[in-house]
Amino acid sequence: MASLLTHALVGSAVGQASKREWRSDWRFWGLVVTCSVLPDIDSIGFHAGVPYSALWGHRGMTHSFLFAAILAAGLALAFRRSFSPAWKLGVLLFVITASHGVLDAMTNGGLGVAFFSPFDQQRYFFSCRPIQVSPIGISRLFTWRGVRILGSEALWIWCPALLFAVVARTAQWLRKPRQPLLQAEAESGPGEGLS
């Protein structure tokens, strides 16, 4: 898997494509981070004796597109009054949740991702797998191996995610209607114009 930090960073980058008023609400960012890391809730199964390759094993059901859709739809309905239209929130949260499995399928270790679970429990990897697999558990990231893993994630995930965030915000800024300069001066009143 990619590290939880990296999953949250990617979710936050995708969140930059949302509506401006959503981005100013801390609850929106709570939803973004939750959706980006929640698929790894299945790692609890390691301690409960659930086999890695089982339906509810790591990178199984909670990494599937179906899980992403159910989670996104449920949260969009729950927060429909705060973040409307709900369908846009649902699509965004689906993309963020599904990005977790996509990143894991680009790692060089572990089992693949059961994208189509429970209908197809086959595990998939992408042919391009440049990301070093992260150990389960935050303490293991604070080793030399962890530093190498974070370096790999910085190169292959963080830089593209930050670039996406900048492009998304720039595109929104360019689409924003501009007030003509003369009209802005007229509305500011006498003596309040540009100096």
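Before reading further, recall that the structure is shown in the block above.
Treat the numbers as computed from the prediction; the structure is a model and nothing was measured. (Residues numbered from 1 in each chain as written. Predicted model: local features only at pLDDT ≥ 70, side-chain atom pairs only at ≥ 80, totals over all residues. Heavy atoms only, no water.)

Caption draft 1: Structural view of the overall build of the chain. Looking only at helices and strands, the chain features eight helices and zero strands. Helices and strands in the chain line up, N terminus first, as α-α-α-α-α-α-α-α. For the chain, the residues scored as buried account for 39% of the 195 residues in total. Pairs at least 24 apart in sequence give 62% of the contacts found in the chain among residues at least 6 apart. Just so you have it, the chain exposes about 11000 Å², and 69% of that area is on carbon and sulfur atoms. (Helix = DSSP H or I, 4+ residues; strand = E, 2+ residues; numbered from the N terminus. Buried < 20%, exposed > 50% of the residue type's maximum accessible area, 1.4 Å probe, protein only. Contact = heavy atoms within 4.5 Å. Areas by Shrake-Rupley, 256 points an atom, 1.4 Å probe, with all protein chains shown as cover.)

Caption draft 2: Broad picture of the side chain of Ser 117. Tracing the sequence through the fold places Ser 117 in the loop between helix H6 (86-104) and helix H7 (144-175). Contacts of Ser 117, omitting those with residues within four sequence positions, involve Leu 55, Met 61, Ser 64 and Leu 66.

Caption draft 3: Highlighting the pattern of salt bridges. One pass over the full model with this rule turns up three salt bridges. The residue Lys 19 makes a salt bridge to Glu 21 at a minimum N-O spacing of 3.5 Å. A relative accessible area of 28% places Lys 19 in the partly exposed class. Linking Arg 27 and Asp 25 is a salt bridge whose minimum nitrogen-to-oxygen distance equals 2.7 Å. What makes Arg 27 partly exposed here is its relative accessible area of 31%. (Salt bridge = Lys/Arg side-chain N within 4 Å of Asp/Glu carboxyl O.)

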